[in-house]
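Chain by chain, the residues run as shown.
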Amino acid sequence: MSVKKLAPVIVSAVLLITALVARAYSVKNEVKPTSTATVDTATIDSAVDEQPKKAEKEMRGVWVSYIELDMQNETDKSEASFREKFKNIAINSKNAGFNTLIVQVRPFCDALYDSKFFPYSHILSGEQGVNPGYDALEVMCEVCSQLDLDIHAWVNPYRISTDSTPQALSETNPYVIDNEIGEETENGIFLNPANKMARNLIIDGVTEIVRNYDVDGIQFDDYFYPTQDSDFDDTEYADYVGTVGEMNCMSIDNWRLANVNTLICDTYRAIHKISDDVEFGISPQGNIDNNAQIYADVKTWCICKGFVDYICPQLYYSLDNPALTFEDSLTAWSDLDINKSVKLYVGLAGYKANSDADEGTWLYSNNILADEYKIAVNNEKVSGIMLYSYSALKDENASTEIANLTKAMSNNSDAENQTTVPIQ
């Protein structure tokens, strides 16, 4: 048999072998995780030999969403007005005891910065593609530097639009230019994880940020495959099966996992090729098993070196949630044999504080966030927390919860000394 004919068989065999290796760490009867063709980077280190080490600096982050950065309803949409808005966000966060802001800079295949690949976001000007006259990410990096705050650029890798947001896509939106890179679903429009050009676009956008801005990290959120519908990527899957043959191909579930893993692994490699000072992290769903439904291979990302520098599951549950408690979810994550190169952070639900969420169990106490913080940082595998989101710091209903969380962080012996900054 010729080398040309053997090549597809070899590629498929490599994928299947690496899938079996990763599978050894997974629970029986789940969707099987697969690694990617870039197996030279994504390799398994034994977590038995050396357990994950806590970060020297405790992470105390706040997510700042595009909604909280929105300038559309501001009378003054100038750079000075945005700078003032973000400076207040940064100062309030620092005064509440946080040391890192995770700012959403690419919410809809667009950019809150000057990009070669994506149009300006409608968040700044009111219309996608319209230059607001300033670079919002540059402003945010400057403000964080002045206040000694770390900044992570939060990217939604696949989303183009959802629920008619934005109302109109710019003619310079990559999907408008070439709709082959994306797919429409009943929930919106998304880049296709199976499309190589789409993956390259996402990675190019990430490396652009790392090269041009003084960020400390890049973070992907919990949007991966938007559907399990076989029509979403049936053409790409048929091409794959035709290439490797039906006897050598992966199931569509494992193939989709491999598509996402390829993006994650290649993004990690691209970032670290530029700088080892910029971390790559992902914030997946808190219910560890639900991630398989969107083809997010979170166990492999935790266990194997070469996918992420940190993972921050969204443990948005009360201590008494009947469906899934905070402590049970944390146990599921911390029981993984997390690779020594991967830091584990915990996402806390500031937005649920003093609400009737989780069957009213957030009303049982005004100390839930503080208690969850203590439980998290007392876990030997956890290196800090992130709070969703900034709005909770300004919500009167959550004020007691946030005050107690701030006190708990300030009382932590590992916490850094905090200097209160007056709002100017």
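Residues numbered from 1 in each chain as written. Predicted model: local features only at pLDDT ≥ 70, side-chain atom pairs only at ≥ 80, totals over all residues. Heavy atoms only, no water.

Within the protein chain, the regular secondary structure consists of 13 helices and 13 strands. Out of the 424 residues belonging to the protein chain, those deemed buried represent 57%. Counting only contacts in the protein chain whose residues sit at least 6 apart along the sequence, the fraction spanning at least 24 positions is 75%. When the accessible surface of the protein chain is summed, it comes to about 18,300 Å², and 46% of that surface belongs to carbon and sulfur atoms. (Helix = DSSP H or I, 4+ residues; strand = E, 2+ residues; numbered from the N terminus. Buried < 20%, exposed > 50% of the residue type's maximum accessible area, 1.4 Å probe, protein only. Contact = heavy atoms within 4.5 Å. Areas by Shrake-Rupley, 256 points an atom, 1.4 Å probe, with all protein chains shown as cover.)

A cluster of acidic residues, Glu186, Asp229, Asp231 and Asp234, forms a negative patch at the surface. Relative to the helices and strands, Asp231 is located in the loop between β8 (217-220) and α7 (234-244). Judged by relative accessible area, which is 52%, Asp231 ranks as exposed. (Patch = residues over 30% accessible without salt bridge, like charges linked within 9 Å, V, L, I, M, F, W, Y side chains within 5 Å. Salt bridge = Lys/Arg side-chain N within 4 Å of Asp/Glu carboxyl O. Lys, Arg positive; Asp, Glu negative; His and termini not counted. Charge placed at Lys NZ, Arg CZ, Asp CG, Glu CD.)

Before going further, it helps to examine the nonpolar core. Membership of the largest hydrophobic core comes to 127 residues, with the highest contact counts inside it found for Phe86 and Trp301. Sorting elements by how many residues they give to this core places helix α8 (residues 252-274) first, with 10 residues. In contact with Trp301, other than residues within four places in its own chain, are Phe224, Val260, Asn261, Ile264, Ile282, Ala296, Phe307, Val308, Ile311 and Val342. (Core = buried A, V, L, I, M, F, W, Y, C linked by side-chain atoms within 4.5 Å.)

The end-to-end C-alpha distance of helix α13 (residues 399-411), which contains 13 residues, comes to 18 Å, matching closely the 18 Å that a straight helix rising 1.5 Å per residue would cover. Considered for burial, the residues of α13 that qualify are Glu401, Ile402, Leu405, Ala408 and Met409. Down the axis of α13, the smallest arc covering the buried residues is 120 degrees, so these residues share one side. Turned more than 90 degrees away from the buried face of α13, the exposed residues are Lys407, Ser410 and Asn411. Of the surrounding elements, those touching the buried residues of α13 are β2 (59-64), α12 (368-377) and β13 (382-388). (Expected span 1.5 Å × (residues − 1). Arc of directions from axis to C-beta.)

Spatially, β2-β3-β4-β8-β9-β11-β12-β13 is the arrangement adopted by the 8 strands of the closed barrel, whose pairing is parallel. As paired elements, strand β4 (residues 150-155) and β8 share 4 bridges and run parallel to each other. Looking at β8, one finds that His152 is bridged to Gly217. Packed onto the sheet, helix α2 (residues 79-95) meets β2 and β3 (100-106) and runs at close to 150 degrees relative to β3. Across the face of the sheet, α8 comes into contact with β8 and β9 (279-282) while running at roughly 160 degrees to β9. (Pairing = 2+ DSSP bridges. Axes fitted to C-alpha atoms, helices over the stretch in contact; angles between N-to-C directions.)

Before going further, it helps to examine the confidence of the model for the protein chain. For the protein chain, mean pLDDT is 89; residues scoring 70 or higher make up 85% of the total. Note that pLDDT drops below 50 for residues 1-41; the model gives that stretch 71 contacts with residues more than four away or on any other chain. Low pLDDT, under 50, characterises residues 43-50; the stretch is placed with 12 contacts to residues that sit more than four places away or in other chains. (pLDDT = per-residue confidence, 0-100.)

Take Asp214: it is sitting in the loop between α6 (196-212) and β8. Overall, Asp214 belongs to the exposed group, its relative accessible area being 58%. Counting along the chain gives 63 residues from Asp214 to Ile151, while the straight-line C-alpha distance between them is 8.3 Å.

In this fold, Glu401 is placed in helix α13. For Glu401, which is buried and forms no salt bridge, the nearest opposite charge comes from Lys374, at a distance of 10 Å. Once residues within four sequence positions are removed from consideration, Glu401 is found in contact with Ala353, Trp362, Ser365, Asn366, Asn367, Ile368, Leu369 and Ala370.

So, about unusual backbone geometry. As a rule of thumb, non-glycine residues mostly have phi less than zero, and peptide bonds are mostly trans rather than cis. Residue Pro166 is bonded to the preceding Thr165 through a cis peptide linkage, with omega at -5 degrees. Among the structural elements, Pro166 can be located in the loop between β5 (159-162) and α5 (174-177). Even without a glycine there, the phi angle at Glu359 is positive, about 55 degrees.

Attention shifts here to the sheet that holds strand β6 (residues 182-185). In a beta sheet, neighbouring strands are held together by backbone hydrogen bonds and run either parallel or antiparallel to one another. Strand order in the open sheet formed by 3 strands is β5-β7-β6, with antiparallel pairing between adjacent strands. Lying at the two open borders of the sheet, with one neighbouring strand each, are β5 and β6. Across the sheet, the mean angle from the axis of one strand to that of its neighbour is 15 degrees, orientation sign disregarded. Two elements, β6 and strand β7 (residues 188-191), share 4 bridges in a ladder whose sense is antiparallel. Residue pairing for β7: Gly182 is matched across the bridge by Leu191.

A word on the side chain of His272. Structurally, His272 can be placed in helix α8. Side-chain polar atoms of His272 contact the side chain of Asp309, separated by 2.7 Å. Sequence-distant contacts of His272, defined by excluding residues within four places in its chain, comprise Val278 and Asp309. (Polar contact = N/O pair within 3.5 Å; in protein donor to acceptor, adjacent residues only side chain to side chain.)

Buried residues dominate strand β12 (residues 343-349), accounting for 7 of its 7 residues. Where strand β11 (residues 310-311) lies against β12, 2 bridges are found, and the strand directions are parallel. Looking across to β12, one finds that Ile311 is bridged to Leu344. A crossover links β11 with its parallel partner β12, the connecting element being helix α10 (residues 326-334), and its sense is right-handed. Relative to β13, β12 runs parallel, the two sharing 5 bridges. Looking at β13, one finds that Ala349 is bridged to Tyr388. (Right-handed = clockwise from strand over helix to strand, strands pointing away.)

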